[in-house]
Amino acid sequence: MSRRDPSSILIPFAVATLGIALFSTMDAVMKGLSIAIGAYNALLWRTLLGTLAGGAVFLGRRMAWPRGQAIRLHLVRGTLSSLMAILFFWGLARVPLAQGVALAFIAPLIALYLAALHLGERIERRAIYASLLGFAGVLVIMAGQAEAKLGPEAFRGALAILCSACLYAYNIILMRKQAQVAGPVEIAFFMSLLMSGWFAVAAPWIAIVPAPQHWLPIAAAAALAFTSLMLLSWAYARAEAQYLAPVEYSAFVWAGLFGLVIFHEPVRPLTLIGALLIVTGCFLAARGRTARVSDVEAAI
């Protein structure tokens with residue numbers, strides 16, 4: 001097998017990096033909204049605005065309605081993302097931004113076991129060591145949380161983010177598969193449509209109309225989410241996930257910056273050490289053969 005030309009990866013890598021930067025900005029906006037109006041209402045109104053904007057583009061360009069595998073992937077990923085998002089932002093409202101993002105980094109290691117589950121392969125020793133390193137990183141971050149005496153709400157928030165990371169692990173596998181059968185606009189539109197549909201189910205009981213000062217952040221979050229989804233979908237359609245995976249870790253830099261500037265949350269040493277342990281585990285695992293994303297995609 002010939003090695004991929006590095007120049008062919010450069011542009012998708014740069015686009016994915018921009019996509020993560022915009023996603024990280026959206027995380028900061030959504031954290032503020034989740035604190036102000038709750039994670040559910042922040043997501044409900046963000047996805048509704050995203051659906052309107054995405055629908056205008058999708059319908060305005062007279063794009064074909066998805067069928068077959070494309071619509072199945074939209075349904076699965078949209079449903080998965082709804083639960084993943086509500087857990088993540090509910091948790092993020094209760095823990096420092098950098099800590100929440102660092103905990104979410106455990107997802108690629110969980111994806112190792114999903115790969116083994118789908119392919120029936122034996123998990124290699126390297127993958128086990130990587131998982132132990134990642135788990136140690138989670139324990140270090142949780143120890144830092146206890147040391148900072150953030151309280152039981154922060155502990156529940158951290159658990160919610162870890163549950164969200166488990167769902168995101170499967171989302172990683174779906175992302176490139178979806179990008180190969182649908183365009184960026186289609187993916188972003190149907191993601192917003194399906195998520196807003198799921199959130200609307202509970203609207204009669206728990207939805208509230210946001211105060212006027214919240215509409216600009218909601219609109220900004222919707223625009224950031226839609227744009228970052230398109231950028232990441234474009235990048236993943238042009239480069240394998242193994243080349244783009246390191247981009248995910250740039251989110252920690254943005255989370256530390258936004259957490260400090262916006263929410264006055266210093267990045268604690270144990271959070272930094274824990275994040276480094278998790279990221280090291282991910283890179284160690286990436287050198288093994290068990291979690292080859294292309295193999296997992298073929299099994300779905």
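Bear in mind the structure is a predicted one, so any value in this text is a computation, not a measurement.

**Considerations on the overall build of the chain**
Phase 1: Within the chain one finds 14 helices and 0 strands.
Phase 2: The order of α-helices and β-strands along the chain, N terminus first, is α-α-α-α-α-α-α-α-α-α-α-α-α-α.
Phase 3: Relative to its full complement of 300 residues, the chain shows a buried share of 49%.
Phase 4: Long-range contacts, defined as pairs at least 24 residues apart, comprise 90% of the intrachain contacts of the chain with a sequence gap of at least 6.
Phase 5: By element, 69% of the accessible surface of the chain is carried by carbon and sulfur atoms, the whole surface being about 14,100 Å².

**What to know about unusual backbone geometry**
Phase 1: The phi angle at Arg62 is positive, at roughly 50°, despite the residue not being glycine.
Phase 2: Turning to its location among the elements, Arg62 is positioned in the loop between helix 2 (39-60) and helix 3 (68-92).
Phase 3: A positive phi angle, close to 55°, is found at His264, a residue other than glycine.
Phase 4: Position of His264 relative to the elements: it lies in the loop between helix 12 (251-261) and helix 13 (269-286).
Phase 5: Look at His264 and you get exposed, because its relative accessible area is 64%.

**Digging into the side chain of Ser82**
Phase 1: Inspection of the secondary structure puts Ser82 in helix 3.
Phase 2: If sequence neighbours within four positions are ignored, Ser82 has contacts with Leu194, Met195, Trp198 and Phe199.

**Some words on the pattern of salt bridges**
Side chains bearing opposite charge may pair, as long as their charged atoms lie close to each other.
Phase 1: Across all of its chains, the model carries 3 salt bridges by this definition.
Phase 2: With its nearest N and O atoms 2.7 Å apart, the salt bridge here joins Glu153 to Arg94. On the criterion of sequence distance, the pair formed by Glu153 in helix 7 (residues 152-179) and Arg94 in the loop between helix 3 and helix 4 (97-104) is long-range, its members being 59 residues apart.
Phase 3: Judged by relative accessible area, which is 27%, Arg94 ranks as partly exposed.

**Considering the environment of Val181**
Phase 1: Within the secondary structure, Val181 sits in the loop between helix 7 and helix 8 (184-200).
Phase 2: With sequence-adjacent residues up to four places away left out, Val181 is seen in contact with Gln69, Ala70 and Leu73.

**Points about the confidence of the model for the chain**
Phase 1: With 85% of its residues at a pLDDT of 70 or more, the chain shows a mean pLDDT of 83.
Phase 2: The spread of mean pLDDT over the elements of the chain runs between helix 14 (residues 293-299), the lowest at 37, and helix 9 (residues 203-206), the highest at 95.
Phase 3: For residues 289-300, every residue scores under 50 in pLDDT, and the model assigns this stretch 27 contacts once sequence neighbours within four places are set aside.

**Digging into a nonpolar patch on the surface**
Phase 1: Residues Trp254, Leu257, Leu260, Val261 and Ile262 make up a contiguous nonpolar surface patch of roughly 450 Å² in combined accessible area.
Phase 2: Assignment of secondary structure puts Trp254 in helix 12.

**Some words on the nonpolar core**
Phase 1: In terms of nonpolar packing, the biggest core is built from 77 residues, with Met30, Phe89 and Phe105 touching the most fellow members.
Phase 2: At 13 residues, the largest contribution of residues to this core is made by helix 7.
Phase 3: Ignoring sequence-local partners within four residues, the contact set of Met30 consists of Ala42, Leu43, Arg46, Phe89 and Ala221.

Conventions we followed
- Residues numbered from 1 in each chain as written.
- Predicted model: local features only at pLDDT ≥ 70, side-chain atom pairs only at ≥ 80, totals over all residues.
- Heavy atoms only, no water.
- Helix = DSSP H or I, 4+ residues; strand = E, 2+ residues; numbered from the N terminus.
- Buried < 20%, exposed > 50% of the residue type's maximum accessible area, 1.4 Å probe, protein only.
- Contact = heavy atoms within 4.5 Å.
- Areas by Shrake-Rupley, 256 points an atom, 1.4 Å probe, with all protein chains shown as cover.
- Salt bridge = Lys/Arg side-chain N within 4 Å of Asp/Glu carboxyl O.
- pLDDT = per-residue confidence, 0-100.
- Patch = residues over 30% accessible without salt bridge, like charges linked within 9 Å, V, L, I, M, F, W, Y side chains within 5 Å.
- Core = buried A, V, L, I, M, F, W, Y, C linked by side-chain atoms within 4.5 Å.

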